[in-house]
Amino acid sequence: MRALKNRIRNIPDFPRKGIQFKDITTLLSDPASFQRAIDLMAHRHFANGIDAVIGVEARGFIMGAAMAYKLGTGVILVRKPGKLPYKTVAATYSLEYGKDRLEIHEDAIRKGMRVIVADDVLATGGTMEAVVGLLTRLGAEVVECCFLAELTALKGRDKLKGQKIFSLLKYTD
Ligand code: AMP
């Protein structure tokens with residue numbers, strides 16, 4: 001795990017002062033690290049009857065698509081407003097400053113579908129809370145929220161009570 005952690009670059013004060021930005025591009029571009037991270041995130045679900053992996057724009061697309069390929073499922077996209085071409089349902093959620101919105105195609109989920117949601121970083125948990133809300137509204141069973149990295153000090157898990165959460169790497173700073 002230490003080797004994988006060392007592949008993630010910390011950028012202080014990006015995009016704003018006070019934020020320790022976890023730059024995962026340095027892990028993604030290293031073949032062995034990318035493969036190992038995806039294997040470790042996906043392999044726990046081989047026998048779990050997962051129907052689809054949900055990828056959250058934008059870096060969640062990378063984790064989600066690779067995990068889905070590994071598990072032999074499809075990948076379903078949750079996107080920023082105005083990007084999906086068909087009819088959508090949306091969730092609005094609070095950011096540190098202001099609000100944001102995420103959308104999914106209204107017919108993307110079959111009732112009772114067992115899904116994993118993938119993203120790169122769990123920070124405050126607001127994004128994942130909104131995604132879980134959307135999926136639940138559409139009748140999905142969220143089996144796990146799965147992250148490459150978690151910033152534990154931001155207590156994102158508190159927003160996701162009742163959900164199973166997995167994070168491969170944990171950062172306490
Ligand atoms: P949150 O809703 O606060 O949990 O933020 C989650 C989203 O913002 C994730 O999709 C991350 O890609 C991104 N994010 C938030 N904080 C960071 C950070 N410190 N480093 C890298 N990405 C972050």
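Refer to the structure presented above.
No experiment lies behind these values; they were computed from the predicted model shown.

### Some details on the layout of surface pockets
In step 1: Quantified by volume, the largest pocket comes out at close to 1,100 Å³.
In step 2: Taken together, 36 residues form the lining of the largest pocket, with Arg59, Leu95, Ala123, Thr124 and Thr127 sitting closest to its centre.
In step 3: Of all elements in the fold, only strand 2 (20–23), helix 4 (59–71), strand 5 (88–94), strand 6 (99–105), strand 7 (114–122), helix 5 (126–137) and strand 8 (141–151) reach the threshold of two or more residues within the lining of the largest pocket.
In step 4: Examining the composition of the lining of the largest pocket, we find that four residues originate from one element, strand 7, more than from any other.
In step 5: A per-class count over the lining of the largest pocket returns 17 nonpolar, eight polar and eleven charged.

### Quick look at the site of the ligand
In step 1: Around the ligand, 14 residues are found, and the nearest of them are Asp119, Asp120, Thr124, Gly125 and Thr127.
In step 2: Take Asp119: an N or O atom from its side chain is 2.8 Å from an oxygen atom of the ligand.
In step 3: A distance of 3.0 Å is found between an oxygen atom of the ligand and a backbone nitrogen or oxygen belonging to Ala123.
In step 4: For the ligand, whose free accessible area comes to 480 Å², the fraction covered by protein is 82%.
In step 5: With respect to the detected pockets, the ligand is housed in the largest pocket.
In step 6: Elements represented by at least two residues in the shell around the ligand include exactly strand 2, strand 7 and helix 5.
In step 7: Among the residues forming the shell around the ligand, the class breakdown is five nonpolar, five polar and four charged.

### What about the pairing of strand 9 (residues 165–171)?
In step 1: Within strand 9, six of the seven residues are buried, which leaves it mostly tucked inside the rest of the structure.
In step 2: Pairing of strand 8 with strand 9 involves six bridges; the strand directions are parallel. Counted as the bridge partner of Ala149 is Leu169 from strand 9.

### Things to note about the environment of Leu135
In step 1: Mapped onto the secondary structure, Leu135 falls in helix 5.
In step 2: Taking relative accessible area as the criterion, Leu135 reaches 0% and is therefore assigned buried.
In step 3: Separated by 70 residues in the primary sequence, Leu135 and Ala65 have C-alpha atoms spaced 18 Å apart.
In step 4: Not counting residues within four places of it along the chain, the set of residues in contact with Leu135 comprises Ile54, Ile104, Ile109, Val115, Val117, Ala140 and Val142.

### Quick word on the packing of aromatic side chains
In step 1: Enumeration according to the criterion identifies one aromatic pair in this entry.
In step 2: Considering the side-chain rings of Phe14 and Phe21, the 5.2 Å spacing of their centres and the 80 degrees angle between planes classify their relative orientation as edge-to-face.
In step 3: Judged by relative accessible area, which is 43%, Phe14 ranks as partly exposed.
In step 4: Between Lys5 and the ring centre of Tyr171, over which it is positioned, the NZ or CZ distance is 4.7 Å.
In step 5: Just above the ring of Phe166 sits the side chain of Arg44; from NZ or CZ to the centre is 3.5 Å.

### Side note on the side chain of Glu144
In step 1: Mapped onto the fold, Glu144 is located in strand 8.
In step 2: The buried category is assigned to Glu144, whose relative accessible area is 1%.
In step 3: Only 2.8 Å separates the side chain of Glu144 from the side chain of His45, close enough to count as a polar contact.
In step 4: Among residues more than four places away in sequence, those in contact with Glu144 are Arg44, His45, Val115, Ile116, Val117, Lys164 and Phe166.

Cut-off values and rules
- Residues numbered from 1 in each chain as written.
- Predicted model: local features only at pLDDT ≥ 70, side-chain atom pairs only at ≥ 80, totals over all residues.
- Heavy atoms only, no water.
- 1 Å grid on protein atoms, 1.4 Å probe; cavity = no way out; pocket = protein on both sides within 12 Å on 5 of 7 lines; lining within 4 Å.
- Points joined across faces, edges and corners; volume = space filled by probe spheres on them.
- Helix = DSSP H or I, 4+ residues; strand = E, 2+ residues; numbered from the N terminus.
- Nonpolar A, V, L, I, M, F, W, Y, C, P; charged D, E, K, R; others polar.
- Near = heavy atom within 4 Å.
- Polar contact = N/O pair within 3.5 Å; in protein donor to acceptor, adjacent residues only side chain to side chain.
- Areas by Shrake-Rupley, 256 points an atom, 1.4 Å probe, with all protein chains shown as cover.
- Sits in = over half its atoms within 2 Å of the grid points.
- Buried < 20%, exposed > 50% of the residue type's maximum accessible area, 1.4 Å probe, protein only.
- Pairing = 2+ DSSP bridges.
- Contact = heavy atoms within 4.5 Å.
- Phe/Tyr/Trp six-rings, centres within 6.5 Å; stacked < 30°, edge-to-face > 60°.
- Lys NZ or Arg CZ within 6 Å of the ring centre and 35° of its normal.

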